[in-house]
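Next come the chains, spelled out residue by residue.
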Amino acid sequence: MFCIELTNHCNLRCPMCTLGTMERPAGFIEPDLFREVVDQSRRFGIEVDWFHIYGEPLLHPRIEELMAYFREHGLGLGGISTNGLILNRHRIHVLKTYCTEVLVAVDSMREEVYRVLRANDRFSELCDKVRLLIDQAAGTGLRITIQYLQTRLNPDETQADFEAVFGRHPHVTYFTKITEQFAGGEDFTLQELPRLPKQNCPKLHHFLGILANGECVTCCYDVDGEQSAGNIRESNLLELWNGESRRRQLRDSAAGDFSALPLCDKCAGATVG
């Protein structure tokens, strides 16, 4: 999984997310840096999966320029993950013109649950915007994934609850995500689900992310880059993936030594189920 963070600005402060504890300055990836990372990903055959680690990608003021460049030069899915609340006709135009995949984190069709998980009272507005997106994207090649989150607040909620509101469409799929415990975030996990031992965490083995400031992280929960594997301004993607910093992280994790892995040390382990 290779992700590029467009911004760590966000319009929400969800309680399960550690963005509220973030210490690095909020900012936007510079277009020149974005183009360099996209060019490297193609050169090294490393497909871009998502333009998201933290923050709301659609807040980037030059989102159309960035997505147009990726459409012409990029490699991979290049999906956008959004909370949906800032969708409007212009941003929908950008998505359907330059993107092939957008994930909207609706999370629950129960307004009282959504209000807790997303810490706002704009549920009806969100539903209207998702309906507009579904309608505008029909026939354009843009695939829409609507995420619903399984938590201890809504363990019996199903895809049928979402289909009852948004319907069935050839370009829309529904995806169930089992919430995990972010270090520093509130715990909404289903308590009966087991967790992987930390030394078996798949993230160090399968995740690479470039934060908006250029830091390379090997875990999607690393909000501040405290376990950085280096900076893309000083190394290339292949060097970061195969470099000594990441190799040391793998060795320490496998040995159960988290003294140099403070983020892993605080983590409860990946939820499985």
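Everything that follows concerns the structure shown earlier in this document.
Note that the structure is predicted; figures quoted are calculated from it, not measured.

How would you sum up the sheet that holds strand E7 (residues 215–217)? Please name residues and give values.
Taken together, four strands build an open sheet; the order of strands is E1-E6-E7-E8 and the sheet is mixed. Edge strands, defined here as strands with exactly one partner in the open sheet, are strand E1 (2–4) and strand E8 (230–231). Note that E1 and strand E6 (residues 208–210) share three bridges and pair parallel. Across the sheet, Cys3 pairs through a bridge with Gly209, a residue of E6. On top of the sheet, helix H1 (residues 31–44) reaches E1 and E6; it is set at about 165 degrees to E1, its chief contact.

Tell me about helix H4 (residues 111–118), and please be specific about residues and values.
Taken together, the buried positions of H4 are Val113, Tyr114, Leu117 and Arg118. Axial view of H4: buried residues confined to an arc of 105 degrees, hence all on one face. Among the residues trailing H4, Ala119 stands out with phi positive, at a value near 50 degrees.

Quick one: what's the story with the sheet that holds strand E2 (residues 80–82), residue by residue and with numbers?
On the basis of which strands lie adjacent, the open sheet formed by four strands has the order E2-E3-E4-E5 and parallel pairing. The two strands at the open ends of the sheet, each matched to only one other strand, are E2 and strand E5 (172–178). Direction aside, the axes of adjacent strands within the sheet are offset by 25 degrees on average. On the sheet, helix H6 (residues 159–166) packs against strand E3 (101–107), strand E4 (143–150) and E5 and is oriented at approximately 135 degrees with respect to E4.

Cut-offs applied
Residues numbered from 1 in each chain as written. Predicted model: local features only at pLDDT ≥ 70, side-chain atom pairs only at ≥ 80, totals over all residues. Heavy atoms only, no water. Pairing = 2+ DSSP bridges. Helix = DSSP H or I, 4+ residues; strand = E, 2+ residues; numbered from the N terminus. Contact = heavy atoms within 4.5 Å. Axes fitted to C-alpha atoms, helices over the stretch in contact; angles between N-to-C directions. Buried < 20%, exposed > 50% of the residue type's maximum accessible area, 1.4 Å probe, protein only. Arc of directions from axis to C-beta.

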